[in-house]
Amino acid sequence: MMTSKEEWGFVHSLKFDEQLEYEEAYFYQNELHINAEEECLEITTKLLELDMYNQACFPIHIVCLTNCMRKTNYSCLLTNFVEHSPDKAIMWFSVGCYNFLIGQNSEARRYFTEASTMDSHCRPEWVGFGHNLAIESEHDQAITNYSTITKLYPGYAQSVDSFKNALKVAEETNCQPQVWETIWINLGHAFRQLGELDIAKSYFQKVVSMSPPNSNALPVLEYIYHVKKEFEEAIIYYHVLS
């Protein structure tokens, strides 16, 4: 029954400092002014202005365009890139992302497949393909696809440091809630891969406390409780998901 402005006014009137740890209180109290992906897009745009075919920058730029839903920015970019690099897997990945963005999932899958055929180690393509399968409710294939990604992306210890740095940036730039949740989820998965289940659990619990029920965090929490043989807690989350 409240307007968006009224909701935020109510949220900011609550005594978070007295109830929560600093990180959580800071998350709730700050206005959501800056989107990290928009900032990242600005940086990659400037880099591509200097080097249109920067192979390291291009995948990040494409992902930012997709997540920020910048359909109009795709056309000229892809036209130039297709003409210049038709034999590059990352080019077909880019075309797949554009089709994914406009809802042409079957076409997106075709281009993601083409990218993986050209380069089986094209990691961005596997991520895009996994998301495509998940949206089409082909969950078993999506899980298999994501498992392939974990083999292509080693280094979970380094990931922990990177995601912790991302938390600092999110704090400094007052990022949107989705950004915090994404970082927490990734940190949780990194610690889970390292076998630090209690630490992993704490990050997934943060996500659930911010946006219950969270379909990305709840299944992992039930899995962690199950592995730790804390079956009563696992059953609670099984019931929430059902």
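Residues numbered from 1 in each chain as written. Predicted model: local features only at pLDDT ≥ 70, side-chain atom pairs only at ≥ 80, totals over all residues. Heavy atoms only, no water.

Looking at an unreviewed UniProt entry, the protein chain carries the name ApcC hetero-tetramer Cut9-Hcn1, with the source organism given as Gigaspora margarita.

This next bit is on the packing of aromatic side chains. The way to describe two aromatic rings as a pair is by their centre distance and the angle between their planes. Inspection of the entire model under this criterion finds four aromatic pairs. An angle of 5° between the planes, with centres 5.9 Å apart, marks the rings of Phe-191 and Tyr-203 as stacked. With a gap of twelve residues between them, Phe-191 in helix α12 (residues 177-193) and Tyr-203 in helix α13 (residues 197-210) connect regions that are remote in the sequence. Both residues of the pair, Phe-191 and Tyr-203, belong to the buried class. It is Arg-110 that lies over the ring of Tyr-111; its NZ or CZ is 4.6 Å from the centre. (Phe/Tyr/Trp six-rings, centres within 6.5 Å; stacked < 30°, edge-to-face > 60°. Helix = DSSP H or I, 4+ residues; strand = E, 2+ residues; numbered from the N terminus. Buried < 20%, exposed > 50% of the residue type's maximum accessible area, 1.4 Å probe, protein only. Lys NZ or Arg CZ within 6 Å of the ring centre and 35° of its normal.)

This part covers the pattern of salt bridges. Tallied over the full model, the rule gives five salt bridges. Between Asp-198 and Lys-228 there is a salt bridge, with its nearest N and O atoms 2.9 Å apart. Of the two residues, Asp-198 is situated in helix α13 and Lys-228 in the loop between α14 (218-227) and α15 (231-241); the sequence distance between them amounts to 30 residues. The class for Asp-198 is partly exposed, based on a relative accessible area of 47%. The partner of Lys-228 in a salt bridge is Glu-230, with the nearest N and O atoms 3.7 Å apart. On the basis of relative accessibility, which here comes to 25%, the residue Glu-230 falls in the partly exposed class. Overlapping salt bridges, with partners in common, bring together Asp-198, Lys-201, Lys-228 and Glu-230 in one network. (Salt bridge = Lys/Arg side-chain N within 4 Å of Asp/Glu carboxyl O.)

Time to look at the side chain of Asn-132. Relative to the elements of secondary structure, Asn-132 occurs in helix α9 (residues 123-135). Judged by relative accessible area, Asn-132 falls into the buried class, the value being 0%. Within the structure, Asn-132 has its side chain in polar contact with the side chain of Arg-109 (distance 3.2 Å). Not counting chain neighbours up to four residues away, the residues in contact with Asn-132 comprise Phe-100, Asn-105, Ala-108, Arg-109 and Phe-112. (Polar contact = N/O pair within 3.5 Å; in protein donor to acceptor, adjacent residues only side chain to side chain. Contact = heavy atoms within 4.5 Å.)

Before going further, it helps to spend a moment on the packing of helix α11 (residues 156-173) against α12. Helices that pack against each other are described as a pair by the angle of their axes relative to one another and the distance between those axes. At a closest axis distance of 9 Å, the pairing of α11 and α12 adopts a crossing angle of 160°. By the angle between their axes, α11 is roughly antiparallel relative to α12. Considering only the axes of α11 and α12, their crossing is left-handed. Contact residues: Tyr-156, Ser-159, Val-160, Phe-163, Lys-164, Ala-166, Leu-167, Ala-170 and Glu-171 in α11; Trp-180, Ile-183, Trp-184, Asn-186, Leu-187, Ala-190, Phe-191 and Gln-193 in α12. Among the residues making up the contact of α11 with α12, the classes are represented as twelve nonpolar, three polar and two charged. (Axes fitted to C-alpha atoms, helices over the stretch in contact; angles between N-to-C directions. Parallel < 35°, antiparallel > 145°, perpendicular 65-115°, else oblique. Left-handed = near helix turned anticlockwise from the far one by under 90°. Nonpolar A, V, L, I, M, F, W, Y, C, P; charged D, E, K, R; others polar.)

Our focus in this paragraph is α9. Here α9 spans 19 Å end to end across 13 residues, near enough to the 18 Å set by a 1.5 Å rise per residue. All buried positions along α9 are accounted for by Glu-125, Trp-126, Gly-128, Phe-129, Gly-130, Asn-132 and Leu-133. Among the residues trailing α9, Ser-137 stands out with phi positive, at a value near 65°. (Expected span 1.5 Å × (residues − 1).)

In the numbering adopted here, UniProt assigns the feature "repeat: TPR" (unreviewed entry) to residues 181-214. For residues 181-214, the end-to-end C-alpha separation is 10 Å, with 79% helix and 0% strand making up the annotated structure. (UniProt positions renumbered as here; feature names shortened; annotations may be inferred.)

Our next topic: a nonpolar patch on the surface. A contiguous nonpolar patch, built from Ile-43, Leu-47 and Leu-50 and spanning about 330 Å² of accessible area, is present on the exposed surface. Within the fold, Leu-47 resides in helix α4 (residues 36-50). (Patch = residues over 30% accessible without salt bridge, like charges linked within 9 Å, V, L, I, M, F, W, Y side chains within 5 Å. Areas by Shrake-Rupley, 256 points an atom, 1.4 Å probe, with all protein chains shown as cover.)

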